[in-house]
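# Descriptive analysis of the structure
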Amino acid sequence: MDAQGLGAGPLENVQRLAGGTQNILLKFSRAGRSYVLRRPPPVLRANSNETMRREARMLAALKGTNVPHPELIAACPGEAVLGAAFYLMEPIDGFNPSTGLPEPFASSPQLRHEMGLSLVDGIAALGALDYVAVGLTGLGKPDNYLERQVSRWKAQLESYAEFPEWDGLKDLPDIAGVSRWLVEHRPRTFQPGILHGDYHLANVMYRFDAPRLAAIVDWELTTIGDPLLDLGWLLATWPEGEGSAVTVTPWEGFPSADELVAHYAKQTTRDLSHIHWYGVLACYKLGIILEGTHARASAGKAPKATGDQLHASTIGLLERANRWIS
């Protein structure tokens with residue numbers, strides 16, 4: 001910070017922020033200015049440093065766009081300072097709806113409806129950006145992006161066999177059938193663009209003064225691919241009927257899944273005729289990612305309660321995928 005002219009003196013008012021289970025968020029002030037530091041966990045994963053570099057690159061590219069995001073202050077792509085890559089960003093004045101709704105949103109179904117539509121506005125704006133113009137060439141590999149998805153995640157699922165204690169595959173509702181359906185019904189063309197990669201209600205913050213996004217956060221899965229997968233991801237995680245794991249209370253007033261798609265359609269030139277394919281792919285991909293924690297928990301490498309909970313979530317996602325297929 002000294003080298004980049006970011007204030008002088010000690011770090012003050014240091015506090016750890018909630019959010020995410022892996023990467024660390026610290027808020028602090030220095031010389032009267034507030035900062036948020038984001039860095040990997042103390043025990044680095046294989047891709048931890050590259051993830052931080054990608055996030056910082058994305059936030060830098062979003063500067064000046066209409067996509068709500070945390071403003072990047074400075075990035076340290078090297079590992080010499082903290083033993084890991086990290087970056088500093090502006091704090092966000094807002095709230096995450098999955099941790100509770102403040103007033104007036106808690107009392108107004110109409111405001112909650114507008115919150116849901118604003119959620120769609122965020123990914124519509126992101127997907128509309130020209131990734132080449134904002135300097136993100138090379139961030140991902142858009143060529144054959146859709147063709148690679150099923151084989152990529154099928155291989156991920158098969159890799160869990162390295163944990164002999166894991167027997168979760170027997171519980172997963174016709175995951176092989178979902179895989180086949182995805183291959184057989186894959187859209188033949190798509191328009192490449194930026195996607196967030198993990199877009200849902202827990203990864204956004206809202207303004208306190210209006211039902212509008214303050215920022216999209218947690219960019220660790222961002223890439224260049226098919227932005228419609230972000231909309232599919234939103235559909236895959238959207239509460240649906242009885243027994244849904246509603247992440248926001250109260251839920252009354254939030255748009256239906258069909259309303260989300262219709263609102264996105266008003267803001268894009270992309271073909272949405274295959275949108276349920278993207279929803280099924282999102283169920284498949286997210287379910288396999290979550291099942292990885294269950295596999296590790298089976299081997300004693302993650303908390304059993306967490307593994308059991310995420311295994312149930314994977315089953316729910318695959319049940320949803322099978323309903324959509326049928």
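See the structure printed just above.
For the structure given in this document, a descriptive report is provided here. (Residues numbered from 1 in each chain as written. Predicted model: local features only at pLDDT ≥ 70, side-chain atom pairs only at ≥ 80, totals over all residues. Heavy atoms only, no water.)

Bringing the pattern of salt bridges into the picture now. Side chains that differ in sign of charge can pair as their charged atoms come close. Scanning the model with the defined rule gives 12 salt bridges in all. The shortest N-O distance in the salt bridge between Arg53 and Glu50 comes to 3.6 Å. Residue Arg53 and its partner Glu50 are located together in helix α1 (residues 48–62), separated by 3 residues, close to a single helical turn. With relative accessibility at 29%, the residue Arg53 sits in the partly exposed group. Between Glu79 and Arg53 there is a salt bridge, and its shortest N-O distance comes to 2.9 Å. Taken together, the residues span a long stretch of sequence, with Glu79 in the loop between β4 (72–76) and β5 (86–89) and Arg53 in helix α1 at a distance of 26 residues. The partly exposed category is assigned to Glu79, whose relative accessible area is 38%. Bridged by salt links that share partners, the residues Arg38, Glu55, Asp218 and Glu220 form one connected network. (Salt bridge = Lys/Arg side-chain N within 4 Å of Asp/Glu carboxyl O. Helix = DSSP H or I, 4+ residues; strand = E, 2+ residues; numbered from the N terminus. Buried < 20%, exposed > 50% of the residue type's maximum accessible area, 1.4 Å probe, protein only.)

Right, let's get into the sheet that holds β5. Strand pairing in a sheet relies on backbone hydrogen bonds. The paired strands run either parallel or antiparallel. With respect to topology, 5 strands assemble into an open sheet ordered β1-β2-β3-β5-β4, the strand pairing being antiparallel. The open sheet is flanked by β1 (12–16) and β4, the only strands paired with a single partner. Shown here is a sheet whose adjacent strand axes are inclined to one another by a mean of 20°, direction ignored. Bridging between β4 and β5 involves 4 bridges; their strand directions are antiparallel. When the bridges of β5 are listed, Ala75 appears paired with Tyr87. Packing against the sheet, α1 makes contact with β3 (33–39), β4 and β5, and its axis sits at approximately 30° to β5. (Pairing = 2+ DSSP bridges. Axes fitted to C-alpha atoms, helices over the stretch in contact; angles between N-to-C directions. Contact = heavy atoms within 4.5 Å.)

Moving on, we come to the packing of aromatic side chains. Scanning all chains against the criterion turns up 10 aromatic pairs. Both rings, one in Phe95 and one in Phe105, keep their centres 5.3 Å apart while their planes meet at 40°; by these two values the pair is tilted. Here Phe95 is found in the loop between β5 and α2 (109–128), whereas its partner Phe105 is found in the loop between β5 and α2, with 10 residues between them in sequence. Summarising the burial analysis for this pair, Phe95 and Phe105 share the class buried. (Phe/Tyr/Trp six-rings, centres within 6.5 Å; stacked < 30°, edge-to-face > 60°.)

As for its placement among the helices and strands, Asn23 is situated in the loop between β1 and β2 (24–30). Looking at Asn23, its side chain comes within polar contact range of the side chain of Arg45, at 3.3 Å. Engagement of the side chain of Asn23 in a polar contact is seen with the side chain of Glu220, the distance being 3.3 Å. Non-local contacts of Asn23, meaning those with residues more than four positions away in its chain, are made with Arg38, Arg39, Pro40, Pro41, Arg45, Met52, Glu55 and Glu220. (Polar contact = N/O pair within 3.5 Å; in protein donor to acceptor, adjacent residues only side chain to side chain.)

Turning next to helix α3 (residues 145–159). With 15 residues, α3 extends 21 Å between its outermost C-alpha atoms, agreeing within 8% with the 21 Å of an ideal straight helix rising 1.5 Å per residue. Looking only at α3, the buried set comprises Tyr145, Leu146, Gln149, Val150, Trp153 and Leu157. Projected onto a plane normal to the axis of α3, the buried residues spread over an arc of 145° and lie on a single side. Against α4 (175–184), β6 (193–195), β9 (223–225), α5 (228–237) and α7 (275–298) lie the buried residues of α3. (Expected span 1.5 Å × (residues − 1). Arc of directions from axis to C-beta.)

What follows concerns the side chain of Thr223. Considering the arrangement of structural elements, one finds Thr223 in strand β9. Apart from the residues lying within four places of it in its own chain, the contact partners of Thr223 are Arg54, Leu139, Gly140, Tyr145, Gly193, Ile194 and Leu195.

Next up on the list: the pairing of β5. Every second residue of β5 is oriented toward a common face, with Phe86 and Leu88 on one face and Tyr87 and Met89 on the other, all of them buried. Note: β3 against β5, 3 bridges, orientation antiparallel. Looking at the pairing, Arg38 lines up with Tyr87 of β5.

The amide bond that connects Glu103 to the next residue, Pro104, takes the cis arrangement and shows omega of 5°. Checked against the element boundaries, Pro104 lands in the loop between β5 and α2. A cis amide bond links Thr249 to the next residue, Pro250, at an omega of 0°. By secondary structure assignment, the location of Pro250 is in the loop between α5 and α6 (257–265). Unusually for a residue other than glycine, Ala31 sits at a positive phi of about 50°. Inspection of the secondary structure assignment puts Ala31 in the loop between β2 and β3. Classification of Ala31 as exposed rests on a relative accessible area of 57%. In this structure, Asp174 takes a positive phi of about 45° despite not being glycine. Checked against the element boundaries, Asp174 lands in the loop between α3 and α4. Under the relative-accessibility criterion, Asp174 is labelled partly exposed at 43%.

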